[in-house]
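What follows is each chain in one-letter form.
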Amino acid sequence: MGIHTKSEQKPWQEKEPFAYSFPYRSWDSMMPLFTFPLHWHEYHEILYVVKGKTYASLAGETYEASEGDIITISNGILHGFFPSSPGTSARIFQFESKIFNESGIELRDGVHGDPVFARKPLLSAKKDGILYKKAMSLIMDMFKEYNQRDAGFRLSIKSKLYEFALMFLREIPSEQVIRPNKNTNHKYMNERLEQILSFIFKNFDKSNITLDDAAGEAALSKFHFTRFLKEQTGQSFHSYLSMVRISHAVEYLVKTDTSVTDIAYQSGFSSLKTFNRVFKTYTGKNPSQYRYEASVGGEAIKALVHQK
């Protein structure tokens, strides 16, 4: 995937289409980084951390996901991944609800109406034992079927997804549910939140962007703007702005030969000193160290793929 300009993408919303007849896909992320600003989409997502560590923000809550952990994200949930350690890679599964439609499967709790796939956002081998083993077996079988594509692979994948949904419905208490953003309308953000995220994304590279600017764009007082953004994303304006800037900087560090100084200014930082400080706060590394380690990790991943 190449570098995108700000006008070409909206990180808070994804609309990549599925194959009409079979709304499912899975693949290994071979990017030498795994960092995505807050966004949401109509489909469900399962993410298996193959290597490294990342932090997942789901509906305002943050979860640390390490190698081997499984993250489940129901459709309509505002989520993002940041900041990942260099070399972090993930196996990703995405599917639409309509893949279940022919049998009328209940993807919501019959009593509370909560989404089944939102019952437990993080599964780990250490804490979840048998449940984790079941989930791992199902998603690895799905991945194998999708890549080998033997006769009947679609039926096999659907059967595994049914088992996965049933496991979440029967074996995970409903009180653990992570609920979609309360201001979503038919699985979409309300216009005001989209306006705010759009403004931040379009202007993150300006070092003089302020809370006053963003609040004015949303026609809110600073107090109401701050409270609204915190309720919807779990982040303050400055925290989210910094994460967008660092996500942009990480991508350019890994995918281009642009100097660290130029990347700092292109990412909206007023000085190299500030960039270095904020970058290390979010990633635990200075920019040059991150670039080197990500480069080494990326070459190692390519070597493994080539061997296979």
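Residues numbered from 1 in each chain as written. Predicted model: local features only at pLDDT ≥ 70, side-chain atom pairs only at ≥ 80, totals over all residues. Heavy atoms only, no water.

(A) Representation of the pairing of strand β4 (residues 53-58) within the structure. Looking at chain direction, β4 and strand β5 (residues 61-66) are connected through six bridges and run antiparallel. Paired with L58 across the strands is E61, a residue of β5. Connecting the antiparallel pair β4 and β5 is a turn made up of two residues, with A59 showing a positive phi of about 50 degrees. Pairing between β4 and strand β7 (residues 79-81): three bridges, direction antiparallel. When the bridges of β7 are listed, A56 appears paired with F81. (Pairing = 2+ DSSP bridges. Helix = DSSP H or I, 4+ residues; strand = E, 2+ residues; numbered from the N terminus.)

(B) Quick peek at unusual backbone geometry. Although it is not a glycine, R149 adopts a positive phi angle of roughly 55 degrees. As for its placement among the helices and strands, R149 is situated in the loop between α1 (125-148) and α2 (153-171). Take R149: its relative accessible area is 45%, and that puts it in the partly exposed class. We note that A219 has phi near 60 degrees; this positive angle belongs to a residue other than glycine. Tracing the chain through its elements places A219 in the loop between α4 (211-217) and α5 (222-233). (Buried < 20%, exposed > 50% of the residue type's maximum accessible area, 1.4 Å probe, protein only.)

(C) Geometry of the environment of F22. Following the sequence through the fold, F22 ends up in the segment before β1 (24-29). Along the backbone, F22 and K98 are 76 residues apart, and their C-alpha atoms lie at a distance of 9.1 Å. Beyond its immediate sequence surroundings of up to four residues, F22 is in contact with I99, F153, R154, I157 and K158. (Contact = heavy atoms within 4.5 Å.)

(D) Structural view of the sheet that holds β1. A sheet is described by the order of its strands in space; here five strands give the open sequence β1-β8-β3-β6-β9, paired in antiparallel fashion. The sheet is open, and its two edges are formed by β1 and β9 (122-123), each paired on a single side. In the sheet, strand β6 (residues 70-73) pairs with β9 via two bridges, with the strands oriented antiparallel. Within β9, the residue paired with I70 across the bridge is L123.

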